[in-house]
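# Structural overview
These are the residues of each chain, in order.
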Amino acid sequence: MTMIFGVPLAVFMGQLMLGLINGAFYALLSLGLAVIFGLLKIVNFAHGAMYMLGAFATLLGMQYLGVSYWAALLLAPLVVGALGMVIERLLLRRIGHLDHLYGLLLTFGLALIFEGSLVNFFGVSGARYPTPEALQGGLQLGFMFLPTYRAWVLVAALVVCLGTWYVIERTRLGAYLRAGTENPALMQAFGVNVPQLITLTYGFGVALAAFAGVLAAPLYPVSPTMGSNLLIIVFAVVVIGGMGSILGAILTGLGMGLVEGLTKVYYPEAANTVIFLVMILVLMLRPAGLFGKEA
Amino acid sequence: MTFIKKTLASSIAVAAATSLMATTAQAEISDDAVRIGYLADMSGTYRDLAGPGGLEALEMAIEDFGGSVNGAPIEVFSADDRNSADVGANTVRGWIDQDNVDLVAGMVASSVTIAVTKVLEDNDKLGIVSGSAASSITNEHCTPNHIHWVYDTYPLANGTAKAVVEQGGDSWFMLTADYAFGHALEGDVEKVVTDNGGTIVDRIRHPFPTEDFSSYILQAQGSGAKIVGLANAGADTVNAINTASQFGLVQSGQQLAGLLVFLNDVYAMGLEATQGLLLTTGWYWNMDEASREWAERYYERVGRMPTMVQAGIYSSAMHYLKAVEATGSDDAQTVRSHMMEQPIEDFFARNGRIREDGRMVHDMYLAEVKAPADATHEWDLYEIKATIPAEEAYRPLAESKCQLVNN
């Protein structure tokens, strides 16, 4: 059997595959953060809570309204995104002129409120969301058994990531958006409704988190605390990629998934810390992040 | 002269009265109330196995007891220890200094419990531990001021691992939470497995907590071991079992052994993912008539079936209150020695008794999670396969490192 650093090739390939899937997840979540930070300069600590709300919307939608998984893929991001827009309109806009720190505290407080109220109703054990019928079972890849659902997560996350990147970097709407955040007064003079654009952007970033939540619902128990553990890792990914860099967030997300996956084989004890080690190294050598522009 | 005599006489009378009061106070209930502090994780990872439901069980016990002991009212305090040893110890110090709390109940995370029992020992107050797992609580960390009620890691390993090896599961892959509790449980399990003729093929220590177990499950599948032993708890166990189910671990011929699994975990995961799982439990709500009757009363109030920890909180509070009533005292040592003299037979404990190391030994049960087709309703989760007799289940006193045991 071919061995790679003492690990059979088949196991090694399997781990790379899993790393890629987790990476796609990180990419999707950090993308939303990067959009919100890059375009609106808001450090959105409520991102984990929005991811959690996406998963809860999926679960409760099925339990009480009979909404199917496929419908939830569209509806949950819309509902949570609308909530995000309300938050932007009523709260974030009022402190837009203040230091970033205020936005961070506000969103962190909101995250605690969302989590705390759901813990009160649902406890912390979490509930299980069934894997949709069409995606049950698995594929025998030769080197591993890959559950179909995970393959779907990889594809869905990559498509949404690349679509987002394309819209922001390559279309007219994306150009308005970038210009509107660069020089709002000028854009307004051209007749573009900048405040509305900002509300929509925040809503879209939040909807991305909720979309990740829908994808996560059949994988992990749906629980009020599911977002808070992930949030810190996702922030590290954004910092490594370069705050605000869209492509940086996507590529770093995938890369960190792979790094973490390999750590789980060679030194599992460090699996939760390896991303932060990379972050420290990057901050020391390239403070603006791998893909960030030097300030 | 008469004035001096009168003053003298009355001061003697006052002195006599005070000293009389002081002596009777020792045999009576201090400041005319029995005060119980309930300390548990009320909002974090371990909330659902004890938490607010455990507080409800404690209040049920007090109501069933009549709300007072020998005329002295029973008062309850409660606090969230947030799984922090500092928070727990400081809360209990405050309860003792300011509120004259006599008993601390609940107690979940083992680290918090070890810190709190030291405070109880320094102040000579009593504690009854219901939620914690570490067997060291009545071994190297034993004190004359606490009792450990529901279960510990020794019977978990002894019950589940032994039964699994006897059924032919003789090669094990250990998946262990990388902290003190996981290491202790892993050690206990590996000893039981090798003592019974099995082998440990490999082990992985995963960070605590871990969200994604797919990599570890894949490695377990590659190991060729018959059994994948989960020496972790709470959300980690839930995540590991869910992932194993997605990767078809059981379908491909391996079996899972959950070493610390609570009713709320199985309920959360559902029978589809957990069917066939073997586990050791101190109590199950549907194990007989007495258990069912109590559990249904609890269900009426809380809307969930009780875990073994929540049932143990009720059972231990009752035993404590009866001892206070019988001795007419809430002094820690008086009550503890009376509790030790009385055998424990109630809806929760069978063949129960408190040993000198503070361990309440009672019958433990080996259970198997039902298949979805066999369950008649949503809380019909376990089938009891075997009873592990009280005297065999727990670490024998002969092996004890507790200072209260003469070895």
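Bear in mind the structure is a predicted one, so any value in this text is a computation, not a measurement.

### Notes on the overall build of chain A
When its secondary structure is counted, chain A shows eleven helices and four strands. Compactness check: chain A gives a C-alpha radius of gyration of 19 Å against a globular reference of 19 Å for 295 residues, within 12% of the reference. Here chain A holds 295 residues, and the buried ones make up 51% of them. Taking contacts inside chain A between residues at least 6 apart in sequence as the whole, the part at least 24 apart equals 76%.

### Structural notes on the overall build of chain B
When helices and strands are tallied, chain B shows 14 helices and 15 strands. Relative to the compact-globule value of 22 Å for 407 residues, chain B shows a C-alpha radius of gyration of 24 Å, a close match. Overall size of chain B, expressed as C-alpha extent along the three principal axes, is 100 × 45 × 35 Å. Within chain B, the fraction of its 407 residues that count as buried is 55%. Long-range pairs, those at least 24 residues apart, make up 71% of the contacts in chain B with a sequence separation of at least 6.

### A few points about the environment of B:Asn242
Mapped onto the fold, B:Asn242 is located in helix H8 (residues 234-246). C-alpha separation for the pair B:Asn242 and B:Glu399, spaced 157 residues apart in sequence, amounts to 37 Å. Once residues within four sequence positions are removed from consideration, B:Asn242 is found in contact with A:Pro221, B:Met269 and B:Ala273.

### Quick word on the packing of helix H10 (residues 246-266) of chain A against helix H7 (residues 214-223) of chain B
Relative orientation of the contacting elements H10(A) and H7(B) amounts to 40 degrees, with a least axis distance of 9 Å. The angle between H10(A) and H7(B) places the two elements in the oblique class. As H10(A) runs across H7(B), the sense of the crossing is right-handed. Of H7(B), the residues touching H10(A) (which contributes A:Gly261, A:Lys264 and A:Val265) are B:Ser215, B:Tyr216 and B:Gln219. Among the residues forming the contact of H10(A) with H7(B), the class breakdown is two nonpolar, three polar and one charged.

### So, the domain arrangement of chain B
Residues and elements named next belong to chain B. Taken domain by domain, chain B holds domain 1 (31-151 + 288-357) and domain 2 (154-281 + 365-388). Each of domain 1 and domain 2 has a C-alpha centre, and the two are 29 Å apart. On the side of domain 2, 14 residues touch domain 1, which itself brings twelve residues to the contact.

### Re the nonpolar core
A:Leu28 and A:Ala210 are the most contacted members of the largest nonpolar core, which totals 221 residues. Formed jointly, this core draws a minimum of three residues from each of two domains, domain 1 (31-151 + 288-357) and domain 2 (154-281 + 365-388) of chain B. Residues contacting A:Ala210, with those up to four places away along its chain left out, are A:Met50, A:Tyr51, A:Leu53, A:Gly54, A:Ala57, A:Ala76, A:Pro77, A:Val80 and A:Gly81.

### A word on the interface of chain A and chain B
Listed by partner, the interface residues are 27 residues for chain A and 31 residues for chain B. Among the elements of the structure, helix H1 (9-40), strand E4 (145-147), helix H9 (226-241) and H10 of chain A are those that each provide at least two residues to the side of chain A that touches chain B.

### A closer look at the confidence of the model for chain B
Averaged over all residues, the pLDDT of chain B equals 91, while 93% of them reach at least 70. Confidence over residues 18-26 of chain B falls short of pLDDT 50; this stretch has two contacts with residues more than four positions distant or in other chains.

The rules we used
Residues numbered from 1 in each chain as written. Chains lettered and ligands numbered in written order. Predicted model: local features only at pLDDT ≥ 70, side-chain atom pairs only at ≥ 80, totals over all residues. Helix = DSSP H or I, 4+ residues; strand = E, 2+ residues; numbered from the N terminus. Rg over C-alpha atoms; globule rule 2.2 N^0.38 Å. Buried ≥ 20, exposed ≤ 12 C-beta atoms within 10 Å, placed from the backbone. Contact = placed C-beta atoms within 7 Å. Axes fitted to C-alpha atoms, helices over the stretch in contact; angles between N-to-C directions. Parallel < 35°, antiparallel > 145°, perpendicular 65-115°, else oblique. Left-handed = near helix turned anticlockwise from the far one by under 90°. Nonpolar A, V, L, I, M, F, W, Y, C, P; charged D, E, K, R; others polar. Domains from an automatic or database assignment. Core = buried A, V, L, I, M, F, W, Y, C linked by C-beta atoms within 7 Å. pLDDT = per-residue confidence, 0-100.

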